[in-house]
Amino acid sequence: MSELSDEQKANNGFVTTPFTEELLEEIIGLGWAFVTEIENQVVAYLFGGPWPFYDKWPIFPYMTARFLSWQFKGWEITTENSFQYGPVCIDANHRGKKIINHLFEAMRIDFVSKYPLAATFINQANPISTKAHLKLGWEIVDEFEYNENHYYGLAYDMSDEVPHLHE
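Rules used throughout
Residues numbered from 1 in each chain as written. Predicted model: local features only at pLDDT ≥ 70, side-chain atom pairs only at ≥ 80, totals over all residues. Heavy atoms only, no water. Salt bridge = Lys/Arg side-chain N within 4 Å of Asp/Glu carboxyl O. Helix = DSSP H or I, 4+ residues; strand = E, 2+ residues; numbered from the N terminus. Buried < 20%, exposed > 50% of the residue type's maximum accessible area, 1.4 Å probe, protein only. Polar contact = N/O pair within 3.5 Å; in protein donor to acceptor, adjacent residues only side chain to side chain. Contact = heavy atoms within 4.5 Å. Core = buried A, V, L, I, M, F, W, Y, C linked by side-chain atoms within 4.5 Å.

Points about the pattern of salt bridges
In the structure shown here, the tally under the stated rule is four salt bridges. Arginine 66 is the partner of aspartate 142 in a salt bridge, and the nearest nitrogen-oxygen pair spans 2.7 Å. Residue aspartate 142 is found in strand 5 (residues 139-146), and its partner arginine 66 is found in the loop between helix 4 (59-65) and strand 3 (82-90); the two are separated by 76 residues along the sequence. Here glutamate 105 makes a salt bridge to arginine 108, at a shortest N to O gap of 2.8 Å.

Observations concerning the side chain of glutamate 105
Here glutamate 105 is to be found in helix 5 (residues 99-111). For glutamate 105, a relative accessible area of 8% gives the class buried. Here the side chain of glutamate 105 touches arginine 108 through a polar contact of 2.8 Å, side chain to side chain. Not counting the four nearest positions on each side in its chain, glutamate 105 is found in contact with Glu161, Val162 and Leu165.

Digging into unusual backbone geometry
A cis amide bond links glycine 86 with the next residue in sequence, proline 87, at an omega value of 5 degrees. Looking at the element boundaries, proline 87 is found in strand 3. Here lysine 73, not a glycine, exhibits a phi torsion of approximately 50 degrees, which is positive. Summarising the element assignment, lysine 73 is placed in the loop between helix 4 and strand 3.

A short note on the nonpolar core
One finds Leu46, Phe83, Tyr85, Phe104, Met107, Phe111 and Trp138 to be the most contacted residues of the largest nonpolar core, which totals 47 residues. Counting residues per element, this core draws most heavily on helix 5, at six residues. Apart from residues lying up to four places away in sequence, tyrosine 85 is in contact with Leu46, Phe47, Gly48, Ile100, Phe104, Met107, Ala118, Ala119, Thr120, His133, Leu136 and Trp138.

Rendered as structure tokens:
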């Protein structure tokens, strides 16, 4: 992310969570990676998993400590009844084609029996991601500052089918 200009970030979105090759292998091996391939090329990925996996990045424990103040459809959000959704990245040439809808629906189907809720955060400097996730049905339930950045905390009811799949 640090290599992108502010204009590039605002127009294209960005991912800030760094993954080493070892972490990628781990998340893939655990079945928490969802990918879209077109013509033998990966054009999108979406990761998700239980909170302890993400604790290695300090922002995640900071965010989960805020769950006590989150209100979402009558639920108390906890690290037991939710999982961390993201990051997600879609090749610029394939955005706007509902790939995110299908990736998230695949994850939803896979995770709903274990987790009734999903939670994540989006940097407020990333309006592309915010807009895409609100269209998916995510709800903003918090705003917070961490490391001089401003974030939205979002939640999703995993019993809700992802909208716009069949259009």
